[in-house]
Amino acid sequence: MSAVRIKICGITRIEDALAAVAAGADAIGFVFYAKSPRAVTPAQARSIIAALPPFVTTVGLFVDMPRAELRQLLGEVPLDLLQFHGDESAEDCAGFGRPYIKALRVKPGDDIAAAVSRYPEASGLLLDTYVPGVPGGTGEAFDWSLVPQDAAKPLILAGGLTPDNVGEAVRQVRPYAVDVSGGVEAAKGIKDAAKIQAFIQRARS
Ligand SMILES: O=C(O)c1ccccc1N[C@@H]1O[C@H](COP(=O)(O)O)[C@@H](O)[C@H]1O
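On a predicted model such as this, the values are computed, not experimentally measured, just so you know.

(A) Molecular detail of the overall build of the chain. Helix and strand counts for the chain stand at seven helices and 10 strands. Since a compact globule built from 205 residues should have a radius of gyration of about 17 Å, the 16 Å found for the chain is in line with a globular shape. Overall, the C-alpha framework of the chain stretches about 40 × 40 × 30 Å when taken along its three principal axes. Within the chain, the proportion of its 205 residues that are buried is 38%. Sequence-distant contacts in the chain: of pairs separated by 6 or more residues, those separated by 24 or more amount to 54%.

And the structure:
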């Protein structure tokens, strides 16, 4: 089995992006959702991306952004992959000329395999925790036993992951990738380089 891929999300500063890459992250994520404490402007994201070395996937996170606004943003920021984290349908996610992943917010009793089948064009599905009224970035984990072992798409595990629980999460779920935001922060929107290092080392050990 290949090594689990790792995305560090909610990057707002060049130094945090470089710390993530130096620690071995495969992807970094930018939150384009104004209500998030980790929100960045297109200009901020562009200047962080300009500082990156090659072969780092840049991901833009959106929550029900109007199509015209998203199209304009994609003309301004060189994003490799789109992460739809709201109530977008498969049609809402398509037609932007970029691969995408769709976040599913998981709650007890959910049939994740059935939800995956609703997004046949997605590159993968990201599993986050359902918390009423909050689209994501809650720092809460869900019941990992709900994750199917034979999903039709690569699964990215998210929601409340930390350096302390990511090793067990990877052992139990065997996801394609893991995604973290709050678990590697010193404060909202500010990453902690030591936590990023510990997270990546434990995810892959
Ligand atoms: O990070 C945010 O503020 C955010 C806002 C709106 C939607 C998603 C958001 N973050 C994503 O949520 C998951 C889990 O985050 P955490 O590790 O539990 O803090 C992750 O994919 C973040 O990218």
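(B) Here's a closer look at the nonpolar core. Judged by nonpolar contacts, the single largest core of 53 residues is most densely connected at Ile-8, Ile-156 and Val-178. Those residues in contact with Ile-156 that sit more than four places away from it in its chain are Ile-101, Gly-124, Leu-126, Leu-127, Pro-175, Tyr-176, Ala-177, Val-178 and Asp-179.

(C) Structural view of the packing of helix α1 (residues 14-23) against helix α7 (residues 193-204). Two elements in contact, α1 and α7, have axes whose closest approach is 9 Å; the angle formed by their N-to-C orientations is 30°. By the angle between their directions, the pair α1 and α7 is classed as roughly parallel. The interaxial crossing formed by α1 with α7 has right-handed handedness. Along its contact with α1, which presents Ala-19, Ala-20 and Ala-23, the element α7 presents Ala-193, Ile-196, Gln-197 and Ile-200. Class assignment of the residues belonging to the contact of α1 with α7 gives a composition of six nonpolar, one polar and no charged.

(D) Just the sheet that holds strand β1 (residues 5-8), in detail. With parallel pairing, the eight strands of this closed barrel are ordered in space as β1-β2-β3-β4-β5-β6-β7-β8. Sheet twist, expressed as the mean angle between neighbouring strand axes with direction ignored, is 25°. Here five bridges tie strand β2 (residues 27-31) to strand β3 (residues 57-62), and the two strands are oriented parallel to one another. By the bridge assignment for β3, Val-31 is matched with Leu-61.

(E) Structural view of the site of the ligand. In the vicinity of the ligand there are 26 residues, among which Cys-9, Ser-36, Gly-136, Gly-137 and Gly-182 approach most closely. For the shell around the ligand, the secondary structure elements donating two or more residues are β2, β6 (124-129) and β8 (177-180). For the shell around the ligand, the per-class residue count stands at 10 nonpolar, 13 polar and three charged.

(F) Region of interest: the pairing of β1. Two elements, β1 and β8, share four bridges in a ladder whose sense is parallel. Residue Ile-8 lies in a different strand from β8, and its bridge partner there is Val-180. Pairing of β1 with β2 involves two bridges; the strand directions are parallel. Note on β2: the bridge partner recorded for Ile-8 is Ile-28. You can see the chain leave β1, run along α1 and come back into β2, and the turn it takes is right-handed.

(G) Spatial organisation of the pairing of strand β4 (residues 81-84). Pairing of β3 with β4, which is carried by four bridges, proceeds in the parallel orientation. Note on β4: the bridge partner recorded for Gly-60 is Leu-82. In this region the chain leaves β3, passes through helix α3 (residues 67-76) and returns to the parallel neighbour β4; the handedness of that crossover is right-handed. Bridging between β4 and strand β5 (residues 100-106) involves three bridges; their strand directions are parallel. When the bridges of β5 are listed, Leu-82 appears paired with Tyr-100.

Each value, and the rule that gives it
Residues numbered from 1 in each chain as written. Predicted model: local features only at pLDDT ≥ 70, side-chain atom pairs only at ≥ 80, totals over all residues. Helix = DSSP H or I, 4+ residues; strand = E, 2+ residues; numbered from the N terminus. Rg over C-alpha atoms; globule rule 2.2 N^0.38 Å. Buried ≥ 20, exposed ≤ 12 C-beta atoms within 10 Å, placed from the backbone. Contact = placed C-beta atoms within 7 Å. Core = buried A, V, L, I, M, F, W, Y, C linked by C-beta atoms within 7 Å. Axes fitted to C-alpha atoms, helices over the stretch in contact; angles between N-to-C directions. Parallel < 35°, antiparallel > 145°, perpendicular 65-115°, else oblique. Left-handed = near helix turned anticlockwise from the far one by under 90°. Nonpolar A, V, L, I, M, F, W, Y, C, P; charged D, E, K, R; others polar. Pairing = 2+ DSSP bridges. Near = placed C-beta within 6 Å. Right-handed = clockwise from strand over helix to strand, strands pointing away.

Remember that the coordinates give geometry; whether it matters functionally is a separate question.
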